[in-house]
Amino acid sequence: MSKLQELEMTKPVIGFIGLGLMGGNMVENLQKKGYEPIVMDLNKDAVDAVVARGGKAASSAAELAAASDIIMLALTTSDIVEKVVYGDNGILAGIKEGAVLIDFGTSIPASTRKIGADLAKKGAGMIDAPLGRTPAHAKDGLLNIMASGDKETFDKVKPVLDQQGENIFYLGALGAGHTTKLINNFMGMTTVCTMSQAFAVADRAGVDRQQLFDIMSTGPSNSPFMQFCKNYAVDGVSDLGFSIANANKDLGYFLKMVEDLGTRAEIAEGTSHNLQAAFDEGMGHGNVPEIFDYFLKLEK
């Protein structure tokens, strides 16, 4: 009997908290594959959509955890994750021995390790598994998943991760997934901010933005991120589905992680300063390449 056949016969009960763009599509994908998840979200319409497809709704995180073999989180901040875990009627109050919590969000590694240690005292495991790719990939089970935690715990949940991701990376001890995700987002968002500012400076200097792109894209600076920046700065198309608010949060987490490591990242400080300034200008809901507009009007 194959592992997939075994999984079909013994599907774990999944509890899922956080039905935003990514989480909602991840749950829809699981339901297409025969799972009947128990869900929670502040958005009643999102919960109702899952229930209409055969899922169940929980009234508290403790109730959800008590009924689940695997609890999955797709939440926006470390603070929210901690409230859901530690709050009255939170996950920690209800989780059963042998269950596993998977955090798909982008969180501060030190917080992740703290939660993992507290879950271990109750005989439960934890995997941090931040995501790459888009909500469209989530709906089709084609995400990139950067997972870390105890290897035995990872092996236990990997058949379900295989239903959600095309590429599953195991990165070692708990927290390594969130660490890698923050490094990845530091690199990516710094690239977008740099290229967006390059287009803004070119504009001020009288250099045609399209020509700048034509020249730079024929050299080693070319990248998908450069294309996203060009799409906005030259063509007015905002198609990188990641907000300035989220990028700003992730750079803040990266800097907190760097501080916890006893060092400093001045380049990240510059990116974070620009993202925060754009956020303060009311641009938080815009996609990151839209920071071009902030740079274009920036005065000395």
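Computed from a predicted structure; not experimentally measured.

Draft legend 1. Inspection of the pairing of strand β9 (residues 165–170) at higher detail. Pairing analysis gives 5 bridges linking strand β8 (residues 143–147) to β9, with the strands arranged parallel. Bridged to Met-146 within β9 is Phe-169.

Draft legend 2. Local environment of helix α3 (residues 44–52). Along α3, the positions that sit buried rather than exposed are Ala-46, Val-47 and Val-50. End-on view of α3: buried residues confined to an arc of 100 degrees, all on one side of the axis. Of the exposed residues in α3, the ones pointing more than 90 degrees away from its buried face are Lys-44, Asp-45 and Ala-52. Of the surrounding elements, those touching the buried residues of α3 are α2 (21–32), β2 (38–40) and β3 (56–57).

Draft legend 3. Highlighting the sheet that holds β8. Pairing in this open sheet of 3 strands is mixed, and the strands run β7-β8-β9 from one edge to the other. On the outer flanks of this sheet lie β7 (131–132) and β9, each paired with one strand and no other.

Draft legend 4. Just the packing of helix α10 (residues 176–205) against helix α14 (residues 266–283), in detail. Where α10 contacts α14, the axes come no closer than 10 Å and their chain directions differ by 60 degrees. The orientation of α10 relative to α14 falls into the category oblique. Along this stretch, α10 crosses α14, giving a crossing that reads as left-handed. Note on element contacts: α14 touches α10 through Ile-267, Ala-268, Thr-271 and Leu-275, opposite Phe-186, Met-189, Thr-190 and Cys-193. Tallied by class, the residues present in the contact of α10 with α14 amount to 6 nonpolar, 2 polar and no charged.

Draft legend 5. Highlighting the pairing of strand β6 (residues 125–128). Here β6 shows two buried faces, one formed by Gly-125 and Ile-127 and the other by Met-126 and Asp-128. Two strands pair when backbone bridges link them, and strand β5 (residues 100–103) and β6 are joined in this way by 4 bridges, in the parallel orientation. Paired with Leu-101 across the two strands is Met-126, which belongs to β6. Handedness of the β-α-β unit built from β5, helix α7 (residues 109–120) and β6 comes out right-handed.

Draft legend 6. Inspection of the sheet that holds strand β4 (residues 70–73) at higher detail. One open sheet accounts for 6 strands, arranged β3-β2-β1-β4-β5-β6; its pairing is parallel. Two strands in the sheet have a free side with no partner beyond their single neighbour: β3 and β6. α7 rests against β5 and β6 of the sheet, and its axis sits at about 160 degrees to β6.

Draft legend 7. Broad picture of the side chain of Asp-118. Position of Asp-118 relative to the elements: it lies in helix α7. Apart from residues no more than four positions distant in its own chain, Asp-118 is found in contact with Tyr-86 and Leu-92.

Draft legend 8. View of unusual backbone geometry. Unlike most non-glycine residues, Asn-89 shows phi in positive territory, near 60 degrees. Tracing the backbone shows Asn-89 in the loop between α5 (78–86) and α6 (91–94). A relative accessible area of 53% places Asn-89 in the exposed class. Look at Arg-133: it is not a glycine, yet its phi comes out positive at around 85 degrees. With respect to the helices and strands, the residue Arg-133 is situated in the loop between β7 and α8 (135–139). On the accessibility criterion, Arg-133 (36% relative accessible area) is partly exposed.

Draft legend 9. Structural context of the packing of α2 against helix α9 (residues 151–164). For the pair α2 and α9, the least separation of the axes is 9 Å and the interaxial angle reads 105 degrees. With respect to their mutual orientation, α2 and α9 come out roughly perpendicular. Judged by residue contacts, Met-26, Asn-29 and Leu-30 of α2 engage Val-160, Gln-163 and Gln-164 from α9. In terms of residue class, the contact of α2 with α9 is built from 3 nonpolar, 3 polar and no charged.

What counts, and at which threshold
Residues numbered from 1 in each chain as written. Predicted model: local features only at pLDDT ≥ 70, side-chain atom pairs only at ≥ 80, totals over all residues. Heavy atoms only, no water. Pairing = 2+ DSSP bridges. Helix = DSSP H or I, 4+ residues; strand = E, 2+ residues; numbered from the N terminus. Buried < 20%, exposed > 50% of the residue type's maximum accessible area, 1.4 Å probe, protein only. Arc of directions from axis to C-beta. Contact = heavy atoms within 4.5 Å. Axes fitted to C-alpha atoms, helices over the stretch in contact; angles between N-to-C directions. Parallel < 35°, antiparallel > 145°, perpendicular 65-115°, else oblique. Left-handed = near helix turned anticlockwise from the far one by under 90°. Nonpolar A, V, L, I, M, F, W, Y, C, P; charged D, E, K, R; others polar. Right-handed = clockwise from strand over helix to strand, strands pointing away.

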